[in-house]
Amino acid sequence: MTNLFRLFAYLRKFASFMSFALIFLAISVVLNLTQPKLIEWAIDSGITAGIVRNLVVGGVGIFLLGIVGNLANLVSGYLFIRSGQGMAHELRGSMFRKVVSFSFINFDKWRTGELMVRLNSDVNTVRMFVRMGLFMIAQSVVMIIGSVIFMFHTDVRLASIMALLMGGTLAFSITIVSFLRPLFLKMRAKLDDLNNTLQENLAGAKVVRAFNRQSFEKEKFELKNRGFYMMAVKIGYFFSIVLPFMLFIGNFAITLILWVGGTEIIQNYHAGTTGFTLGQLIAFNNYAMMAIFPLIMLGMVLNFISMASASAERIFQVLKEKPGISMPENPVLPEKIRGKIEFDGISFGYGEGEDAVQDVNLTIAPGEKIGIIGGTGSGKSSLASLIPRLYDPRKGIIRIDGVDIREYNPIELRKKIGIVLQDPILFSGGIRQNILYGNPEGGESVAEWAAGIAQAMPFIDEKGWDSSIGERGTHLSGGQRQRVAIARALASKPAILILDDVTSSLDLETERNVTKGIYEKLDGMTVLIISQKIQTIKMSDRIIVMDKGRISGIGTHDTLIQDNEIYRKIAETQDEFIH
Amino acid sequence: MSSGKTESEQSRPPMKRRPGGPVRGPRGPHNVTVESARDFRGALKRLLAYFGTQKIFLAISGFIVLIGVILGVIGPAVLGNAITNYLERDFNLTLFMRQVFILLAIYVSAWIAEVGSRVMLVKVSNNIIFNLRRNAFNHIQTLSMTYFDKEDVGEIMSRLTNDIEAIEGAVSNSFNEALRGVFSIIGILFAMVMLNIRLLLIVIATVPIMVIIAAIIGMKVRAAFRINQQKVGDLSTRIQESVTGVKVIKTYGREQEEIVGFERVSEEARDAGIRAEFVAHLFSPVMQFVSSCILAMLVGIGGFLVLRNSAVFSVGLLTTFIMYSRNFIVPLQQITGVYNIIQSGLAGAERVFEIMDTRPVVIEGPNAIPFRQGDITFSDVHFAYEKDKPVLKGITFTVPLGHVTAIVGPTGAGKTTLINLLGRFYDVDKGSIRINGTDIRDMSINTLRSSLGVVLQEPFFFATTVRENLLYGNQDATEGQMFEAAKLANASHFISRLPKGYDTFLTERGQNISQGERQLLAITRAILRNPSILILDEATSNVDSLIEMQIQEAVLKLMKGRTSFIIAHRLSTIKNADRILVIHNHHIIEEGTYSELIEKNGFYANLQAMQQSQVNITEDMVS
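Description of the overall build of chain B
Helix and strand content of chain B: 19 helices and 10 strands. Counted over contacts in chain B with a minimum sequence separation of 6, partners at least 24 positions apart contribute 78%. About 25800 Å² of surface is accessible on chain B, with carbon and sulfur atoms providing 58% of the total.

Focus: helix H16 (residues 508-521) of chain A
With 14 residues, H16(A) should cover 20 Å at 1.5 Å per step; its first-to-last C-alpha distance of 20 Å lies within 8% of that length. Along H16(A), the residues that are buried comprise Leu508(A), Thr510(A), Glu511(A), Val514(A), Thr515(A), Gly517(A), Ile518(A) and Tyr519(A).

Describing the nonpolar core
Across soluble globular proteins, nonpolar side chains have a tendency to be buried as a group. In this structure, Leu258(A) and Phe565(B) are the most contacted members of the largest nonpolar core, which totals 187 residues. A per-element tally of this core places helix H9 (residues 315-357) of chain B first, with 17 residues. Residue contacts for Leu258(A): discarding those within four places in its chain leaves Thr263(A), Leu281(A), Leu79(B), Ala82(B), Ile83(B), Leu87(B), Phe96(B), Val100(B) and Leu103(B). Listed in part, the 81 residues of the second largest apolar core include Ala88(A), Ile305(A), Ile337(A) and Ile259(B).

Here we look at the interface of chain B and chain A
With 148 residues of chain B at the interface, the matching set in chain A holds 157 residues. Here chain B packs against chain A, burying approximately 14900 Å² in sum over the two surfaces, 68% of which is carbon and sulfur. Viewed at the interface, chain A and chain B are joined by five salt bridges. Residue Arg97(A) is joined to Glu263(B) by a salt bridge in which the shortest nitrogen-to-oxygen separation is 2.8 Å. With 28 residues, helix H8 (residues 255-308) of chain B is the largest single contributor of residues to the side of chain B that touches chain A. Of the residues contributing to the side of chain B that touches chain A, the split by class is 77 nonpolar, 44 polar and 27 charged.

Topic: the domain arrangement of chain A
All names here are of chain A. When the domains of chain A are assigned, the result is domain 1 (15-320) and domain 2 (341-578). Relative to domain 2, the C-alpha centre of domain 1 lies at a distance of 57 Å. Each partner contributes to the interface: domain 1 provides four residues, whereas domain 2 provides four residues. When the two sides are added together, the surface that domain 1 and domain 2 hide from each other amounts to roughly 380 Å², 71% of it contributed by carbon and sulfur. Its largest share of buried area at the contact with domain 2, domain 1 owes to Phe104, Ile105 and Asp108, together 93% of the area lost on that side. Where domain 1 touches domain 2, the interface holds zero salt bridges. Taken together, the connections running from domain 1 to domain 2 amount to one residue pair in polar contact (both at pLDDT 80 or more). When grouped by side-chain class, the residues that make up the side of domain 1 that touches domain 2 number two nonpolar, one polar and one charged.

Side note on the side chain of Asn564(A)
All names here are of chain A. Looking at where Asn564 falls in the secondary structure, it is placed in the loop between helix H18 (557-563) and helix H19 (565-575). Of the residues examined, Asn564 reaches a relative accessible area of 5% and is grouped as buried. The residues touching Asn564, leaving out its near neighbours within four places in the chain, are Val545, Ser552 and Gly553.

Notes on the pattern of salt bridges
Under the definition given, this model contains 42 salt bridges over all chains. Close ionic contact of Asp392(A) with Arg389(A) constitutes a salt bridge, the shortest N to O distance being 2.7 Å. Asp392(A) sits in the partly exposed class, given a relative accessible area of 24%. We classify Arg389(A) as buried; its relative accessible area is 4%. Between Glu255(B) and Arg414(A) there is a salt bridge, with its nearest N and O atoms 3.9 Å apart. Placement of Glu255(B) in helix H8 and of Arg414(A) in helix H11 (residues 410-415) is noted, with the two residues assigned to different chains. Glu255(B) gets classed as buried once you look at its relative accessible area, which sits at 5%. On the basis of relative accessibility, which here comes to 4%, the residue Arg414(A) falls in the buried class. Connected via shared salt-bridge partners are Lys340(A), Glu342(A), Asp344(A) and Arg399(A).

Side note on the sheet that holds strand E7 (residues 533-537) of chain B
Residue and element names in this part refer to chain B. On the basis of which strands lie adjacent, the open sheet formed by six strands has the order E6-E7-E8-E3-E9-E10 and mixed pairing. Single-partner strands in this sheet number two, and they are strand E6 (452-455) and strand E10 (587-592). In this sheet, adjacent strand axes meet at a mean angle of 15 degrees when their direction is disregarded. Where strand E3 (residues 404-408) lies against strand E9 (residues 579-584), four bridges are found, and the strand directions are parallel. When the bridges of E9 are listed, Ile407 appears paired with Leu581. Set on the sheet, helix H10 (residues 415-422) makes contact with E3, E7, strand E8 (563-567) and E9; between it and E8 the angle comes to about 150 degrees.

What about the packing of helix H5 (residues 153-195) of chain B against helix H6 (residues 197-244) of chain B?
Residues and elements named next belong to chain B. Viewed as axis vectors pointing N to C, H5 and H6 meet at an angle of 140 degrees, and their least axial separation amounts to 6 Å. When the interaxial angle is binned, H5 and H6 end up oblique. Counting all contacts with H5, which are made through Leu189, Met192, Val193 and Leu195, the residues of H6 involved are Ile197, Leu200, Val203 and Ile204. Split into classes, the residues belonging to the contact of H5 with H6 amount to eight nonpolar, no polar and no charged.

Regarding the packing of aromatic side chains
Tallied over the full model, the rule gives 39 aromatic pairs over all chains. With a centroid separation of 5.1 Å and 50 degrees between ring planes, the pair formed by Phe245(A) and Trp111(B) is classed as tilted. A residue pair is termed interchain when its members come from two chains, as with Phe245(A) in helix H8 (residues 214-271) and Trp111(B) in helix H3 (residues 93-142). The exposure class assigned to Phe245(A) is partly exposed, which follows from its relative accessible area of 24%. When its relative accessible area of 23% is taken as the criterion, Trp111(B) is described as partly exposed. Between Tyr437(A) and Tyr252(B), the aromatic rings sit 5.9 Å apart at their centres with planes inclined by 90 degrees, giving edge-to-face as the arrangement. Here the residue Tyr437(A) occupies a position in the loop between helix H12 (431-435) and helix H13 (443-453), and Tyr252(B) occupies one in the loop between helix H7 (246-251) and H8, the pair thus bridging two chains. In terms of burial, Tyr437(A) and Tyr252(B) fall into one category: buried. Chaining the aromatic ring pairs together yields one cluster made of Phe102(A), Phe104(A), Phe107(A), Phe348(A) and Tyr391(A). One residue, Arg46(B), lies across the ring of Phe353(B), its end atom 4.3 Å from the ring centre.

So, the environment of Phe494(B)
Residue and element names in this part refer to chain B. Turning to its location among the elements, Phe494 is positioned in helix H14 (residues 492-497). On the basis of relative accessible area, Phe494 is assigned to the buried category, the value being 6%. Between the C-alpha atoms of Phe494 and His281, which are 213 residues apart in sequence, the distance is 61 Å. With sequence-adjacent residues up to four places away left out, Phe494 is seen in contact with Ile513, Glu517, Leu520 and Leu521.

Thresholds, definitions, all that
Residues numbered from 1 in each chain as written. Chains lettered and ligands numbered in written order. Predicted model: local features only at pLDDT ≥ 70, side-chain atom pairs only at ≥ 80, totals over all residues. Heavy atoms only, no water. Helix = DSSP H or I, 4+ residues; strand = E, 2+ residues; numbered from the N terminus. Contact = heavy atoms within 4.5 Å. Areas by Shrake-Rupley, 256 points an atom, 1.4 Å probe, with all protein chains shown as cover. Expected span 1.5 Å × (residues − 1). Buried < 20%, exposed > 50% of the residue type's maximum accessible area, 1.4 Å probe, protein only. Core = buried A, V, L, I, M, F, W, Y, C linked by side-chain atoms within 4.5 Å. Buried area = accessible area lost by both parts, 1.4 Å probe. Salt bridge = Lys/Arg side-chain N within 4 Å of Asp/Glu carboxyl O. Nonpolar A, V, L, I, M, F, W, Y, C, P; charged D, E, K, R; others polar. Domains from an automatic or database assignment. Polar contact = N/O pair within 3.5 Å; in protein donor to acceptor, adjacent residues only side chain to side chain. Pairing = 2+ DSSP bridges. Axes fitted to C-alpha atoms, helices over the stretch in contact; angles between N-to-C directions. Parallel < 35°, antiparallel > 145°, perpendicular 65-115°, else oblique. Phe/Tyr/Trp six-rings, centres within 6.5 Å; stacked < 30°, edge-to-face > 60°. Lys NZ or Arg CZ within 6 Å of the ring centre and 35° of its normal.

So, in structure tokens, the structure goes:
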């Protein structure tokens, strides 16, 4: 609930909109409620009294009330809609800025799917709450209060009966909804279960066929399908009984009014006294038709509150998250980076457990070409990811060109460092657009130069520079995606280039050409290539062998083969092919 | 069986993506989907066929709805009558009370009728959805891999979830509501005709205005929502891309540009949303206004008529008409809403039926004979995934029983395809594959695949325990056999280190264990099947060297006594293969044992030399 109130902070910008929306809504409801009063007056002082003029006045009055009331409703609706959409836009913007400010530590905690749901459907739920929920709550509340006042003004006894009935309806409606909510959650869970089974079956289509398990899969699905069916039928029955009952309450109220009011009119007639009039009866009849429905709706809307409140909570969880890496107070702008990198006593870990990188000391000269090799979990990628401050080390200092990297403006620093991660992610659009992502002003020549080194030209020539590569590059093969990602890093003309095992999907020859180009054509650029394959990094000026988070050896291929046990072992397994 | 492709997965164009993508907002009156079925009647007819034996229930339900509507129409007439007769003319309390009880009885009956018709429909509609889901799922199980290559899993998924939910929306209540709405309008019109023509004219006079307004607003709503949906789709695409690519955004320091771009898309979505919601919002106040007009005229003109001719007109009659005019507008509003739901339900049905109309390419012949092991012969095999892009051309070779065949060649040469054909995941376009002299297309697919043990390049696991995943290929295996297999595959060591051993839950696709470990599990799973033909597809790419050795060891043990196919770059087992097939440019360009191929000094020897030149120093060291 508190989260829902925090939402109002985002509505503050629309405070004037919202207040006018509420005022207009109140006007519209009150005018609507005046209609039965006019009907009463037209009947009693027009028809019963036999005065035609009053009838005309009544008719015109109802007509005017209709115009003004519904105009007010229109304006109010518009203001609610604008506020809701405006708030959704603000929330999305805040969340997006927050997500973009996240460091990699934050991303290890948040799954992308989670973030997407929050930016999309949670914001929508909250928006619908403002648009429909607040609107209906306000409308119902004004309607209930207004109609009770109007009814008491008309006849106290009938009004008391109606007030009782209305209170009962509201209580009933709320009870039903709170009873239904867990059922709905259960049904939703069954449906998710069903859909997960489906998703797995589709994703594992080949395994299902290879292992010949179609009938098993059918049984599994049948079971889940049946489970959902049972739940859906149960809820369906419940609704079948409850919904018509709610409508019945309205009709019951009408009957009750006729009975009580009619009896009084007849008794008054026989006693010759005046009191309850026919016009008042008709007015009550109209109130009953108008007031019961919003009560039913109010019960439903209250259910909305808990949904919206859950969504609001999920939204604020994102907004509350603290970025793992923050901007220094007086950031140094990395103007001209030469590319000297020093690791000074660096230890780093991802939360609990053993550190992924332990006490690393290393200096890399500007323009040096470094290869890093080691088994999975040896800390190669972790070490490299510290350079552009994707993570901060737990201990020690990293300097680039002699300056502690924590003193640089991290965004500007990253622009000077090209890092290609293991799983290359591309954006929809053309190949050119993707390659020039980090350097949009680069132009044709840069794109071609980068694509040339990345060995991407053959397939670019075939597909064309501007052909769409599909969402996340799905129209390209894995190897093609890797080459575009490499070209993208090159095109941003970084001072330091880091390639994290990005040639795994390339065939031997292509891979060799890519590495050759990188070693030979990037004069002055500091390059770190991470790989599990010796042949990829063999030509490096220096090779760093990582093992269990530590540097186990530094040297050239030739020296390492001789002095480094781990390196030699890796070489042995990889060269077996030759014999 | 002929190899010709009938009206099949291949000849159909790929499924069209629906606008807006798979991300959908919560359902509600303001999320009107504007899509409609291409063939409204066709889809309706097929969907109705699903009602099948339940048509009787449906008819009964419809009949009860009719009764309920009639009762609902009679109600206001009885009420008006009571007022006219006993509150205006003859003030008889006893007769009045009788009328009140009749009215109450009518409303109670109407309630019961409504409950009855709804209860009837619950089972009917849920049965339909249940069957639809089952049929679609079961049908997909019969489809071959071609289908999954062509269609995006997300798209199939969306059809079986979103579309079926849309159908559910249509069948569960909407048919009922539409029926009720139409009945109500007819019933009220009829009652008004019977009661008083002149008052009817007052109400009716506004109908054309209402219909025109409804039509205009409806059109505008449709147009506005189409734009809105597109913008919302753009927004969710943008969100998806930015969030999945946020690491790239950060590594390139492009945060500011992305924020600006996002704000723009978000603003567009906001403006389109405001427009669409407002146009939709117009409906209710406008209709309310028309209703006020009717009310004003009933009171003004109707009241005047009562004064002039109180024998025919009365306050009670006016009351009846006021109630009718209110009841008249509600169904009119409902029908427009329901129409949209039914439309999108039918559009969904069309897409689901499209799946069910897809015929499997790989089908079992009528007189399929069981698999019997023996020599495997490929003769003149041609195959293409897409027309005009041949992958294999005229592949011919024979593998004697129990031999190990290695398949090598550059990426994309068709190595995996060869194996896909052997398992009949696809059928050859031309030529044949025979095992023990029998064309595999004449074999029972079940027995053929049961005899295969496949370890795929990227092994897939289900989100369940290690144990259940291992037993996936052989439910009958004992616990002991499973341990044995895991040991043989060098997997038992790492499994025992998992938090709950064999009962550890694997997350979706087994992402919580390393790639090498996934391979070991996949090999264990294959061993447990005790297959007579073993297929290993690049089982060791992208795995670190130590685990690769373990995998190789496991593979060697597994191959003993089985006809085996290995696709790999640098497995030592290739050396020991009885024969190596080198595939390049759709053909087998070389074949022979390892030493024969090296001696031949052709393509394979060159490939070798290239690697050798890079590692010659190592070779010196090792040898």
